[in-house]
Amino acid sequence: MRAHVIALIDCTSFYVSCERVFQAALHNRPTIVLSNNDGCIVALSSEAKKLGLKRGQPLFKYQQLIRKHGVQVYSSNYSLYQEMSARVMDVLVRFSPRLEVYSIDEAFLDLSSLSIEDLAEFGRTIKARVLQYTGIPVRVAIAPTRCLAKIACELVKDDPRYGDVLDLTGFTGQQLDEALARVPIEDVWGIGHKYARFLRNYGIATARDLRNADERWIRRHLTVVGARIQAELQGTACLPLEVKRPPKQQIVCAKSFGREVTSRPELEEAVSTYTARVAEKLRAQDSLCGRLSVFLRTNPFERDGEPYANEFTIDLLHPTSFTPELTRQALAGLRAIYREGYHYKKAGVALSHITPLPVVQPDLFGEVTLGEHYRQARLMAIVDAINRIFGRDTLYFAVQGIARDWRMRQAMLSPPFTTRWDDILTI
DNA sequence: CGGCGTTAG
DNA sequence: TATTCTAACGCCG
């Protein structure tokens, strides 16, 4: 069997790059994109990194720095990023049908069966084509396993001399050894801050140390996840590509409010809105759910004021994806845990016990007849279609509220460059 | 099977 | 003044 060849394509500062595609003036200027609610920094341009801004940090820490250097600040515009991501993936899949969309800004390409002469040259072609067709800059890292491709990507990030493309497949044992020794243990894929601390205590400080560590010891202390990482670092592929993403087993919508909320009606609006959203996602993957949880909490960072957090889980009598039914259950759950007088900061709804939509299974729905089930499904299909075509919330349920001024802050949103129909109609 | 801990992006 | 969100997986009781 031929050796594996895996390419990792990673979009550079993806959210920032998306904003830049449509606003040439942002190039070369320090630019950042914020999390939901404009709270934390989630993406930074290289210029912003040089100023000392850090991913994950709250914005307020940097107000001075931002003003002083004219840092360009944007709220997250997920519909824009999703659209740009789809365009990037469309370009990539033409290089190989064996594409795994790993995240919004990353993909793995299986090049094993393509017998390419010069992989680095191929990587440069990928980079050039994605840039030409989408305006998004990417890095391309090529290796015999996914984990080694991740290592290559770290090396590329740290050294501009690679020009955003690196192929490890041709490396000698000695070259690979030196490369692995340059990657700190916390930058190894799958090693988070806890494991990194633990491993450093035992003198395992680089990717090379982990590759060479005692295998039984790794298995014992880092579980099979660690054992797989180690095998992949040794060149044995054991994390297969998932070209078809399996349906989600859990679907959650949980958001902080733009301000503190105390009244029950407003919480009901929020919970209804989140329920409509998770139900929509559930239907989009052709599933039903058997369990719903609703939770709420006060601001955990608030020093004064009584903290309160609670959650309520409901096992549904029959699997469903019907928004009105899920909303009824969610509001009943909310009633069970709502307490007067608290300053709520966040609420959420989660669907679980998810099953694929059955083709025919007449007794599945208990009290709800099959005919009633199909009627509900058709109704929701129409609602989904209208919202897909005319934009989110073109059609929504009255319980979700009209004013909804508890919604998250997005004060610095860029215009909808790619989704013209947004926000046109409210019915 | 559910809760918890860890990780990723 | 101000502190993201979503999802998966392994282990353990």
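Asks: Would you mind going over the layout of surface pockets with me for this structure?
Replies: One way to see where empty space is left: roll a probe the size of a water molecule over the atoms. Within this model, the second largest pocket holds a volume of roughly 1100 Å³. Forming the boundary of the second largest pocket are 36 residues, of which Cys11, Thr12, Ser13, Lys49 and Arg139 lie nearest the centre. Mapped onto the lining of the second largest pocket, the elements with two or more residues apiece are strand S1 (6-11), helix H1 (14-21), strand S3 (41-44), helix H2 (46-50) and helix H6 (146-158). Among the elements that make up the lining of the second largest pocket, the one with the highest residue count is H1 (5 residues). Classifying every residue of the lining of the second largest pocket gives 14 nonpolar, 8 polar and 14 charged.

Asks: Mind showing me how you'd approach the sheet that holds S1 here?
Replies: Taken together, the 5 strands give an open sheet; going across it, the order is S5-S6-S1-S7-S8, and neighbouring strands pair in mixed fashion. Both outer strands of the open sheet, strand S5 (99-103) and strand S8 (165-167), are each paired with one neighbouring strand and no more. Within this sheet the neighbouring strands show an average axis-to-axis angle of 15°, counted without direction. By the bridge criterion, 4 bridges tie S5 to strand S6 (residues 106-110) in an arrangement that is antiparallel. Considered in S6, the bridge of leucine 99 is made with leucine 109. Contacting S1, S5 and S6, helix H4 (residues 78-93) runs over the sheet at an angle of about 155° to S5.

Asks: Would you mind going over the protein's contact with DNA strand B with me for this structure?
Replies: Close to DNA strand B lie 15 residues; Ser103, Asp105, Lys150, Gly190 and Tyr195 are nearest. Counting only the atoms of DNA strand B that lie within 4 Å of the protein, the sugar and phosphate share comes to 100%. Between DNA strand B and glycine 190, the relevant distance is 2.6 Å, taken from a phosphate oxygen to a main-chain nitrogen or oxygen of the residue. Where the surface near DNA strand B is concerned, the elements lending two or more residues are S5 and helix H8 (193-201). Per-class residue counts for the surface near DNA strand B are 5 nonpolar, 5 polar and 5 charged.

Rules of the game
- Residues numbered from 1 in each chain as written.
- Chains lettered and ligands numbered in written order.
- Predicted model: local features only at pLDDT ≥ 70, side-chain atom pairs only at ≥ 80, totals over all residues.
- Heavy atoms only, no water.
- 1 Å grid on protein atoms, 1.4 Å probe; cavity = no way out; pocket = protein on both sides within 12 Å on 5 of 7 lines; lining within 4 Å.
- Points joined across faces, edges and corners; volume = space filled by probe spheres on them.
- Helix = DSSP H or I, 4+ residues; strand = E, 2+ residues; numbered from the N terminus.
- Nonpolar A, V, L, I, M, F, W, Y, C, P; charged D, E, K, R; others polar.
- Pairing = 2+ DSSP bridges.
- Axes fitted to C-alpha atoms, helices over the stretch in contact; angles between N-to-C directions.
- Contact = heavy atoms within 4.5 Å.
- Near = heavy atom within 4 Å.
- Polar contact = N/O pair within 3.5 Å; in protein donor to acceptor, adjacent residues only side chain to side chain.

Don't take any of this as a statement about function, it's just geometry.
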